[in-house]
Amino acid sequence: MRRWHQINWAACDRQVRSLPRRIVPAVQAGAWRKVKRLRSLLVHACAARAFAVKRVTENAGKKTPGVEGDLWDTPEKQADAVGRLGRGQGERPAPLKRISLPKKNGQQRPLSIPTRADRARPAVDLQALPPIAATAADQNSDGFRPKRRCAEAIDPWFKILRQNTSATWSLEGDMPGFFDPMGWAWLEPHLPMHKRLLATGLRRGVVARGARFPTTAGVPHGGLLSPVLSTMGLDGLAAVVQGGHWHRRVHPSTL
């Protein structure tokens, strides 16, 4: 692997951006074999691995190590990480380091910290999953999606409630501890990513106060893939809530 400062980031950016642009029309056309092929090209590209290492070494948690206690804090380590960040058969995620952060209501929010290598591998998949998730998502799905604003979530509400015959109230629901009880029965067979790495990553366990505990459900708090997994796990909920067409309210102007 060439030295870290000799990487042509402009060329890497062009390569990483071109493949997601090809994934979107393939998802829209339902060509899932092509989607799988393009996703495989992206996650195995050296440019994607370089951007993954760059992301985990420049974000807010760059100075927080996992259970291995290692930090990619030098150009030599970063360049070596790009070369080692492969998809070998022997790779197995290390346990998560569990710490608790205080919340405003006095409770504790569990935060799971992976090793540096286990941060970079999901960062590679994170470059391929958002185009698939955004294209196949529900029409008014705005949560956990990048480059989405509150105004975009408010706009459909305004268009629905501004009419004279609109409902005068709305129902708001909340899912407490959404990440913790998320089941794996749907995620593992449906997510378009490496199945073995996904399964071992979900079952890696956590280390807290010197003891290791198994994980049986949920996705890690603070994980790079957790927002995308949550978005894809909630797809289809809008159709269930709306029910059949005979349950939907029809505006008089459409009769």
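Residues numbered from 1 in each chain as written. Predicted model: local features only at pLDDT ≥ 70, side-chain atom pairs only at ≥ 80, totals over all residues. Heavy atoms only, no water.

> Tell me about the overall build of the protein, and please be specific about residues and values.
Counting secondary structure elements, the protein contains 11 helices and four strands. Structurally, the protein occupies a C-alpha span of about 70 × 45 × 30 Å along its principal axes. Of all 255 residues assigned to the protein, the portion counted as buried reaches 35%. Restricting to contacts in the protein with at least 6 residues of sequence separation, those with at least 24 account for 71%. Of the accessible surface of the protein, which amounts to about 16,100 Å², a share of 55% is contributed by carbon and sulfur atoms. Treating the 42 positive side-chain charges of the protein as one cloud and the 19 negative ones as another, the clouds have centres 3 Å apart. (Helix = DSSP H or I, 4+ residues; strand = E, 2+ residues; numbered from the N terminus. Buried < 20%, exposed > 50% of the residue type's maximum accessible area, 1.4 Å probe, protein only. Contact = heavy atoms within 4.5 Å. Areas by Shrake-Rupley, 256 points an atom, 1.4 Å probe, with all protein chains shown as cover. Lys, Arg positive; Asp, Glu negative; His and termini not counted. Charge placed at Lys NZ, Arg CZ, Asp CG, Glu CD.)

> I'd love a proper account of the sheet that holds strand β1 (residues 96-102), names of residues and values included.
Backbone-to-backbone hydrogen bonds pair the strands of a sheet. The strands run either parallel or antiparallel. Taken in spatial order, the four strands make up an open sheet running β2-β1-β3-β4, and their pairing is mixed. Edge strands, defined here as strands with exactly one partner in the open sheet, are β2 (108-113) and β4 (211-213). Across the sheet, the mean angle separating the axes of adjacent strands is 40 degrees when strand polarity is ignored. Two elements, β1 and strand β3 (residues 206-208), share two bridges in a ladder whose sense is parallel. Residue pairing in the sheet places Lys97 in a bridge with Val207 of β3. (Pairing = 2+ DSSP bridges. Axes fitted to C-alpha atoms, helices over the stretch in contact; angles between N-to-C directions.)

> Talk me through the side chain of Arg204; I want residue IDs and the actual numbers.
Along the polypeptide, Arg204 turns up in the loop between α9 (195-202) and β3. The side chain of Arg204 is buried and forms no salt bridge, while Asp118, the nearest opposite charge, is found at 4.1 Å. Aside from chain neighbours lying at most four places away, what touches Arg204 is Pro93, Ala94, Pro95, Leu96, Pro114, Asp118, Arg212 and Thr215. (Salt bridge = Lys/Arg side-chain N within 4 Å of Asp/Glu carboxyl O.)

> Kindly report on the packing of aromatic side chains, identifying the contributing residues and their values.
Each aromatic ring pair is specified by the distance between its two centres and by the angle formed by the two planes. Applying the stated criterion across every chain yields a total of two aromatic pairs. Aromatic pair Trp4 and Trp9: ring centres 5.2 Å apart, planes at 70 degrees, arrangement edge-to-face. For Trp9, a relative accessible area of 22% translates into the label partly exposed. Aromatic side chains Trp9 and Phe51 sit 5.4 Å apart centroid to centroid with 65 degrees between the ring planes, which places their arrangement in the edge-to-face category. One end of the pair, Trp9, is in helix α1 (residues 9-28); the other, Phe51, is in helix α3 (residues 46-56), with 42 residues separating them in the sequence. Every member of this aromatic cluster is reached through a ring pair, and the members are Trp4, Trp9 and Phe51. Its guanidinium or amino end placed over the ring of Trp9, Lys54 lies 4.9 Å from that ring's centre, counting from NZ or CZ. (Phe/Tyr/Trp six-rings, centres within 6.5 Å; stacked < 30°, edge-to-face > 60°. Lys NZ or Arg CZ within 6 Å of the ring centre and 35° of its normal.)

> Give a detailed account of the pairing of β1, specifying residues and quantitative values.
Examined bridge by bridge, β1 and β2 share six bridges and lie antiparallel to one another. Each bridged residue has a counterpart across the sheet, and for Ile99 the counterpart in β2 is Leu111. Following β1, the chain reverses through five residues before pairing antiparallel with β2; Gly106 in that reversal takes a positive phi of roughly 90 degrees.

> Residue-level account of α1, with values.
End to end, α1 covers 30 Å across 20 residues, agreeing with the expected 28 Å (1.5 Å per residue, within 8%). Considered for burial, the residues of α1 that qualify are Cys12, Val16, Leu19, Pro20, Ile23, Ala26 and Val27. On an axial view of α1, the arc spanned by its buried residues comes to 120 degrees, and they lie on one face. Along α1, exposed side chains directed more than 90 degrees from the buried face belong to Arg14, Arg21 and Gln28. In this fold, the buried residues of α1 make contact with α2 (32-43), α3 and α6 (129-136). N-capping of α1 is provided by Asn8, with a side-chain oxygen placed 3.3 Å from the backbone N of Ala10. (Expected span 1.5 Å × (residues − 1). Arc of directions from axis to C-beta. Polar contact = N/O pair within 3.5 Å; in protein donor to acceptor, adjacent residues only side chain to side chain.)

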